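# Notes for the structure review
Single-letter residue listing:
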Amino acid sequence: MAYESAQYETAGTACRAAAPIVNRPGSATLAAQSHQAIDRVVAAIEGARRPCDGARPSDIAPRIAGVSLDGPAIGFDAALDELGPLYLDPAIYFHHPRYVAHLNCPVLTSAVAAEMIAAGINTSMDTWDQSTGATLIEQKLINWTARRAGLGVDADGIFTSGGTQSNLMAMLLAREQHAARRYGAGFIQRNGLPAEASRWRIFASEISHFSIAKAAAVLGLGERAVVSVAVDEQWRMDADALAGAVAEAEAAGEIPIAVVATFGTTDFGSLDDVAGAARVARRHGLWLHVDAAYGCGLLVSPTRGHEARVLAAADSITVDYHKAFFQPVACSALVVARGADLGHVTHHADYLNPAEAAAAGTPDQVNKSLQTTRRFDALKLWMSLRTVGAEAIGTLFDRGVALARTTYERMLAEPRFDLLHSPELGTIVFRFRPDLALSAGALDALNDEIRADLARRGEAMVAATRVHGRRYLKFTLLNAETTPAQMAEVLALIIHAGERRVAAQPGPQLSIVGGSEVATHE
């Protein structure tokens, strides 16, 4: 037996040398590699003089293709060196002041440090016997968020991978709640969709996030189940139009089941009339979901926090901490007004979360989640709140909103900027229009080329969208440390790129953006 033990120990030592794992013997290697990794990240951030290097897929693909994953290992030092041209050099740096494109925020240092802790311990959030204190930390953060949103003591929720998953889960709960009232709890779980499900309808703004239609498709209702409701001149869902759409659907024999209000639309940052949507939903007995993936920053805003009080009317709320709370991806949650509604996603397995454990009060988070294995993403938010506090996070969000207002006012003074709206949060939709005589097609091509030119040169990252079929550019301002002067530089770059394009070739021309002939909607 002693011989076998010694043999096992010798084999273990050899294995550790070849492939160290995170345990007591591997702790020194973990520390050394972690220090090397963070030093490389710091160097990359400090060295990022541009938001991107202009790389295209054709530039990077050969480098990736040249790596043999079946060949001999090269060791951590060499692998880290290799990562430079593969990832760090062509990366998009969201912290850069000239990154003004999508809903990507610079992240808090405390949150990044928390990522290292979560990865090192590698907690799985599905059951108590895999998570212990992590479960209670997540639950406390959900309760804190629900309280900030004005929900009652019965509220509950779960962390998710992002707004798309949160919206999917909300639509699932809406579907199940409607079916439970009509057919009894668990009907769809046992039997599938009833025949009348082809007539179930979800009402959302015409500029709501695409994940609502995607959720309807995944849930077997089909994208046509989502009824687009007109927006007003401020790009907010029109409550009167919503009431009319619901009444029209009922008159046509369709069956409304849910209303989705958006609290911070992707393009315009517009805040739907949640109170008006709630009145319609209550009048017709519909589930009210509020997609606050972007506007959730108002929950901690020192200056505009009162605007988030309308969220108290919701049955469910999507919150993306990785958009508005300056957290690394992924850090999101779905919060519901009645925790019992989460029972619609519960499935008990004897080997994991048996029913008797739930009956005994064991807090297994898998009972509330679409996911089973799940990271301890809540730790990032916890460490951020304990390190800098909610007010500091809200102040960062407010600064982005204020920067949008300042930038918008500067743009008003330049007649070649065609602005579609006054910013409600941190987004500005516009286009560069040097000549009123330009055709619609030429104007689309010009703005496509401006965006492509800035990206190719690595000068700035600007987003694009389509409004009523026409191409527009878009700023999304989340970086609290970007200054008005730096935004003036971005505006000057756009003007110069437009002038170069007009001078070089006045006619329309196809441009390549991100590997395709047209820029994509966020």
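Residues numbered from 1 in each chain as written. Predicted model: local features only at pLDDT ≥ 70, side-chain atom pairs only at ≥ 80, totals over all residues. Heavy atoms only, no water.

Along the chain, the position of Ser110 falls in helix H5 (residues 109–121). Sequence-distant contacts of Ser110, that is, excluding residues within four places in its chain, are made with Met383, Ser384 and Thr387. (Helix = DSSP H or I, 4+ residues; strand = E, 2+ residues; numbered from the N terminus. Contact = heavy atoms within 4.5 Å.)

Interface size is commonly expressed as the accessible surface area that is lost when the partners come together. Once the domains are mapped, the protein shows domain 1 (26–91), domain 2 (123–378) and domain 3 (391–502). If you average the C-alpha positions of domain 2 and of domain 3, the two centres end up 32 Å apart. Each partner contributes to the interface: domain 2 provides 22 residues, whereas domain 3 provides 20 residues. For the pair domain 2 and domain 3, the summed buried surface comes to about 1,900 Å²; carbon and sulfur atoms form 59% of the total. A salt bridge links Asp267 to Lys474, with the shortest nitrogen-to-oxygen separation between them at 3.1 Å. (Domains from an automatic or database assignment. Buried area = accessible area lost by both parts, 1.4 Å probe. Salt bridge = Lys/Arg side-chain N within 4 Å of Asp/Glu carboxyl O.)

Another aspect to go through is the packing of helix H11 (residues 239–251) against helix H12 (residues 274–284). Relative to each other, H11 and H12 sit at 20 degrees, their axes nearing to 8 Å. Between H11 and H12, the angle is such that the two are roughly parallel. Our pair here, H11 against H12, has a crossing hand that is right-handed. In this structure, H11 uses Ala239, Leu242, Ala243, Val246 and Glu250 to contact H12, whose residues at the interface are Gly276, Ala277, Val280, Arg283 and His284. (Axes fitted to C-alpha atoms, helices over the stretch in contact; angles between N-to-C directions. Parallel < 35°, antiparallel > 145°, perpendicular 65-115°, else oblique. Left-handed = near helix turned anticlockwise from the far one by under 90°.)

Let us look at the sheet that holds strand S1 (residues 99–100). Read across the open sheet, the five strands follow the order S1-S11-S12-S10-S9; overall the sheet is mixed. Two strands lie at the open edges of the sheet, namely S1 and strand S9 (417–419), each paired on one side alone. Pairing of strand S11 (residues 461–467) with strand S12 (residues 470–476), which is carried by five bridges, proceeds in the antiparallel orientation. The residue of S12 that forms the bridge with Ala463 is Lys474. Strands strand S10 (427–432), S11 and S12 of the sheet are contacted by helix H17 (residues 440–457), whose axis makes an angle of about 35 degrees with S12. Packing against the sheet, helix H18 (residues 484–504) makes contact with S1, S9, S10, S11 and S12, and its axis sits at approximately 25 degrees to S10. (Pairing = 2+ DSSP bridges.)

If you check helix H7 (residues 133–148), its first and last C-alpha atoms are 23 Å apart, about what 16 residues at 1.5 Å a residue would give, namely 22 Å. Turning to H7, its buried residues number three or more, namely Ala134, Thr135, Ile137, Glu138, Gln139, Leu141, Ile142, Trp144, Thr145 and Ala146. In the stretch just after H7, Gly150 is the one whose phi turns positive, near 85 degrees. (Expected span 1.5 Å × (residues − 1). Buried < 20%, exposed > 50% of the residue type's maximum accessible area, 1.4 Å probe, protein only.)

Let's shift gears to the packing of aromatic side chains. Taken as a whole, this structure holds ten aromatic pairs when the rule is applied. Ring geometry for Tyr294 versus Phe397: centroids 6.3 Å apart, planes at 75 degrees, classification edge-to-face. Here Tyr294 is found in the loop between strand S6 (287–292) and strand S7 (316–320), whereas its partner Phe397 is found in helix H16 (residues 390–412), with 103 residues between them in sequence. Comparing Tyr294 with Phe397 shows no difference in burial state: the two are buried. (Phe/Tyr/Trp six-rings, centres within 6.5 Å; stacked < 30°, edge-to-face > 60°.)

Space inside the largest pocket adds up to approximately 1,500 Å³. Considering the residues around the largest pocket, the lining is formed by 41 residues, among which Val41, Ile45, Val107, Val112 and Pro328 are closest to the centre. The residue inventory of the lining of the largest pocket, partitioned by class, reads 29 nonpolar, nine polar and three charged. (1 Å grid on protein atoms, 1.4 Å probe; cavity = no way out; pocket = protein on both sides within 12 Å on 5 of 7 lines; lining within 4 Å. Points joined across faces, edges and corners; volume = space filled by probe spheres on them. Nonpolar A, V, L, I, M, F, W, Y, C, P; charged D, E, K, R; others polar.)

For the rest of this paragraph, the subject is helix H8 (residues 163–183). Think of an α-helix as turning once every 3.6 residues; residues three or four places apart then point the same way. The first and last C-alpha atoms of H8 sit 29 Å apart over 21 residues, in line with the 30 Å expected at 1.5 Å per residue. In terms of burial, H8 is a largely internal element, 15 of the 21 residues being buried. Within two residues after H8, Gly184 carries a phi angle of roughly 105 degrees, on the positive side.

Before going further, it helps to spend a moment on the packing of H7 against helix H15 (residues 378–387). At their nearest, the axes of H7 and H15 sit 9 Å apart, and the two run at 65 degrees to each other. Put simply, H7 runs roughly perpendicular to H15. Pair H7 / H15 crosses with left-handed handedness. The residues of H15 that touch H7, namely those facing Ile137, Glu138, Lys140, Leu141 and Trp144, are Ala378, Leu381, Trp382 and Leu385.

So, about unusual backbone geometry. Residue Val329 is joined to Ala330 through a cis peptide bond whose omega torsion reads 5 degrees. Structurally, Ala330 can be placed in the loop between helix H13 (321–324) and strand S8 (332–336). Residues other than glycine seldom take positive phi values, yet Asn122 does so here, at roughly 60 degrees. Structurally, the position occupied by Asn122 is in the loop between H5 and helix H6 (128–131).

Before going further, it helps to examine the sheet that holds S7. What the seven strands build is an open sheet, ordered S2-S8-S7-S6-S5-S3-S4; its pairing is mixed. The open sheet terminates on both sides in strands that have one partner only, identified here as strand S2 (156–160) and strand S4 (226–229). On average, each strand axis in the sheet is inclined to that of its neighbour by 20 degrees, with strand direction left out of account.

One side chain can pair with another of opposite charge once the charged atoms of both are near each other. Under the counting rule described, the total for this entry stands at 27 salt bridges. A salt bridge links Asp320 to Lys323, with the nearest nitrogen and oxygen atoms 2.5 Å apart. For the pair Asp320 and Lys323, one class covers both residues: buried. Overlapping salt bridges bring together Glu115, Arg375, Asp377 and Lys380 as one network.

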